[in-house]
Amino acid sequence: MSAAANRNLVVALCGGIGGAKLALGLSRVVAGADLMVVANTGDDFEHFGLAISPDLDTVMYTLAGLDDPQRGWGRRNETWTFMAALEALGGETWFALGDGDLATHVERTRRLRAGEALSTVTADFCRRLGIAARLVPMTDDIVRTRLRTDECWLDFQDYFVRRRCAPRVLEVIYDGAATARAHPGLLAALGDPRLRAVVICPSNPFLSIEPILAVPDLREAIARAAAPVVAVSPIIGGRAVKGPTAKMMSELGLEVSAAAVARRYRDLLDAYVLDGADAAEAGKLGIPVTLAHTLMTTLADRENLARHVLASADALAKATA
């Protein structure tokens, strides 16, 4: 068996709904633990004394088949008794916690306070939920995304949920990232000779991907990885599929385009996947670009895009072998 045939390990960086969709597609075409999904934790925060990990949970629920396809976050078939009772008592209700989702946060908080690492708790949750892929937080250390707006500095959830992305963004920082350490298992995966591809999912670059890349040893490990690094654009036809990506790009003085997103990762990328609507941008980047249907509205869309991304990585690896 050739060395190429032994390369079956895939590492995917993601956060948010778009990233979770491609992570699900990858989980259906990559065998079990051969897929490691790295979730952003820059949007984690404490609420009602509980440790909340929104991106991590969105990916976890999606991989477990528990996600709510209408809202895109939280658990499907959720009930809201807790929130209704809280509202009746005059409590804060700007950040909605469903009853089933609440159990995740309560148990996570209990175990973190008992001294367990976030990655350990996450791995056990995934085992109990029947998730074969390895889902890991980008770090067990605390990193927090903060935004300087035209009004004031805002913590991520205040901007994203409480203020519904209304303030104009002037700057984004990742508090704690410079001293954070990636999980040793993640670094080992990136240095594994079986590594087939590193996939940057179509997530918001500022809010989901760049917090991950801000962890120094993680970014360095991706840069050193022998396998191709392939990103999928979150922009289709000059628009974001969901969320504030396009708004933020405009406010930060960037062109709202698929090419502009690729330039954010240009020191890491070996290839880029664009939607067919952005074919005219294919020649602007100086790296191999392939066209695909990147709007993932069905499960088949997720699987097909996953196969396309891996085929792009395989073609690169073969060309440079």
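Described in the following lines is the structure provided in the data block. Note that the coordinates shown come from a computational prediction; the quantities given were computed from them, not determined experimentally.

Quick look at the overall build of the chain now. A count of helical and extended segments in the chain gives 12 helices and 14 strands. Its C-alpha radius of gyration of 19 Å places the chain within 12% of the 20 Å reference for a compact globule of 321 residues. Overall size of the chain, expressed as C-alpha extent along the three principal axes, is 65 × 45 × 40 Å. Computing the positive centroid from 35 side-chain charges and the negative centroid from 38, the chain places the two 3 Å apart.

Pairing between side chains of opposite charge can happen when the charged atoms of each approach one another. Applying the stated criterion across every chain yields a total of 22 salt bridges. The partner of Asp 34 in a salt bridge is Arg 194, and the shortest N-O contact between them spans 3.7 Å. Separated by 160 residues along the polypeptide, Asp 34 in the loop between α1 (16–27) and β2 (35–39) and Arg 194 in the loop between α7 (184–190) and β9 (195–200) bring together distant segments of the chain. With a relative accessible area of 32%, Arg 194 lands in the partly exposed category. For Asp 267, the salt bridge identified is with Arg 219, shortest N-O distance 2.8 Å. You can see Asp 267 sitting in the loop between α11 (258–264) and β13 (271–275) and its partner Arg 219 sitting in helix α9 (residues 216–224), a full 48 residues away along the chain. By relative accessible area, which is 26% here, Arg 219 ends up partly exposed.

Across all of its chains, the model carries 6 aromatic pairs by this definition. With 4.9 Å between their ring centres and 70 degrees between their planes, Phe 45 and Phe 95 make a pair best called edge-to-face. Linking Phe 45 in strand β3 (residues 45–47) with Phe 95 in the loop between α3 (81–88) and α4 (99–113), this pair joins segments that are 50 residues apart in sequence. Overall, the relative accessible area of 16% leaves Phe 45 in the buried class.

What links the strands of a sheet is backbone hydrogen bonding, and the strands pair in either a parallel or an antiparallel sense. Taking strand neighbours across the sheet as the criterion, the 7 strands line up as β5-β2-β1-β9-β10-β13-β14 in an open arrangement whose pairing is parallel. Of all strands in the sheet, those bounded by a partner on one side alone are β5 (134–137) and β14 (289–292). Between one strand axis and the next, the sheet turns through 20 degrees on average, direction left out of account. Relative to β9, strand β1 (residues 9–14) runs parallel, the two being bridged by 5 bridges. Bridge assignment links Val 11 to a residue of β9, and that residue is Val 198. Across the face of the sheet, helix α12 (residues 299–320) comes into contact with β1, β9, β10 (229–232), β13 and β14 while running at roughly 125 degrees to β9.

As a packed pair, α4 and helix α5 (residues 118–128) sit with axes 10 Å apart at the nearest point and diverge in direction by 135 degrees. Judged by the angle between their axes, α4 and α5 are oblique. Crossing hand, α4 versus α5: right-handed. Contact residues: Thr 104, Glu 107, Arg 108, Arg 111 and Leu 112 in α4; Leu 118, Val 121, Asp 124 and Phe 125 in α5. The residue inventory of the contact of α4 with α5, partitioned by class, reads 4 nonpolar, 1 polar and 4 charged.

The next thing to look at is the state of the cysteines. The full count for this structure, using the stated rule, is 0 disulfides. The closest cysteine sulfur to the non-disulfide-bonded Cys 126 is located on Cys 14, 11 Å from its own sulfur. Among the cysteines around Cys 152, which has no disulfide bond, Cys 165 carries the closest sulfur, lying 14 Å off. Residue classification places Cys 152 among the partly exposed positions, given a relative accessible area of 37%.

Scoring rules and cut-offs
- Residues numbered from 1 in each chain as written.
- Predicted model: local features only at pLDDT ≥ 70, side-chain atom pairs only at ≥ 80, totals over all residues.
- Heavy atoms only, no water.
- Helix = DSSP H or I, 4+ residues; strand = E, 2+ residues; numbered from the N terminus.
- Rg over C-alpha atoms; globule rule 2.2 N^0.38 Å.
- Lys, Arg positive; Asp, Glu negative; His and termini not counted.
- Charge placed at Lys NZ, Arg CZ, Asp CG, Glu CD.
- Salt bridge = Lys/Arg side-chain N within 4 Å of Asp/Glu carboxyl O.
- Buried < 20%, exposed > 50% of the residue type's maximum accessible area, 1.4 Å probe, protein only.
- Phe/Tyr/Trp six-rings, centres within 6.5 Å; stacked < 30°, edge-to-face > 60°.
- Pairing = 2+ DSSP bridges.
- Axes fitted to C-alpha atoms, helices over the stretch in contact; angles between N-to-C directions.
- Contact = heavy atoms within 4.5 Å.
- Parallel < 35°, antiparallel > 145°, perpendicular 65-115°, else oblique.
- Left-handed = near helix turned anticlockwise from the far one by under 90°.
- Nonpolar A, V, L, I, M, F, W, Y, C, P; charged D, E, K, R; others polar.
- Disulfide = S-S within 2.5 Å.

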